[in-house]
Amino acid sequence: MLEAILAVVDNVMLIELARQEAALALEHGDVPVGAVIELDGEIIARRHNERELLQDPTAHAEVLAIRDAAQVVGSWRLPQARLAVTLEPCLMCAGTMLSARIPHLIFGAYDPKGGACGTLYTVCDDARLNHKIATIGGVQEEACAKLLRDFFANLRSQR
């Protein structure tokens, strides 16, 4: 029982770090999504969306964090890592996680328009693929969703 409680607390802490990272995206007008990668109890990468900043459609928080983590580890394979992200990953990000062999995903808000880890698609648990990702969604869901809702409401009000 204690282990289960500690696991929940740990997941919440990782999502909170990802939310802090997501807020940095606001500084350059990007959608506030943040990701952190943990390995052996240490955060080895933390990034936020930078699509607008870099004018790069692949500059999602998850992809950038995976790139950084691979540099830290010295390998494209991250078989012991946990990735926490504020928004359910899209197809590109889920595919990148599968390619990196990341075994664990924790995410905050579900994405009804692009979620590939349970909402629109179940890429992380597709039996046809050679790797699966254990996924926990909805961690700090309301807080993560509020960050996104506020961002888009502000964007609409400026138009």
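Everything numeric in this text was worked out from a predicted model, so none of it was measured.

Spatially, the five strands line up as an open sheet ordered β2-β1-β3-β4-β5, and their pairing is mixed. Both edges of this open sheet fall to β2 (42-48) and β5 (134-136), since each of them pairs with a single strand only. On average, each strand axis in the sheet is tilted by 15 degrees relative to the strand beside it, whichever way the strands run. Two strands pair when backbone bridges link them, and strand β3 (residues 82-87) and strand β4 (residues 104-109) are joined in this way by five bridges, in the parallel orientation. Looking at β4, one finds that R82 is bridged to H104. Packing against the sheet, helix α3 (residues 61-73) makes contact with β1 (34-39), β2 and β3, and its axis sits at approximately 145 degrees to β2. Packed on one face of the sheet, helix α5 (residues 141-158) meets β3 and β4 and runs near 60 degrees to β4.

The full count for this structure, using the stated rule, is two aromatic pairs. Both rings, one in F107 and one in Y110, keep their centres 5.0 Å apart while their planes meet at 85 degrees; by these two values the pair is edge-to-face. The class of Y110 is partly exposed, set by a relative accessible area of 38%. Both rings, one in F151 and one in F152, keep their centres 5.0 Å apart while their planes meet at 75 degrees; by these two values the pair is edge-to-face. Assessed through its relative accessible area of 12%, F151 is described here as buried. Of the residues examined, F152 reaches a relative accessible area of 33% and is grouped as partly exposed.

About the cut-offs
- Residues numbered from 1 in each chain as written.
- Predicted model: local features only at pLDDT ≥ 70, side-chain atom pairs only at ≥ 80, totals over all residues.
- Heavy atoms only, no water.
- Pairing = 2+ DSSP bridges.
- Helix = DSSP H or I, 4+ residues; strand = E, 2+ residues; numbered from the N terminus.
- Axes fitted to C-alpha atoms, helices over the stretch in contact; angles between N-to-C directions.
- Contact = heavy atoms within 4.5 Å.
- Phe/Tyr/Trp six-rings, centres within 6.5 Å; stacked < 30°, edge-to-face > 60°.
- Buried < 20%, exposed > 50% of the residue type's maximum accessible area, 1.4 Å probe, protein only.

In short, the description is geometric, and any link to function would need to be established separately.
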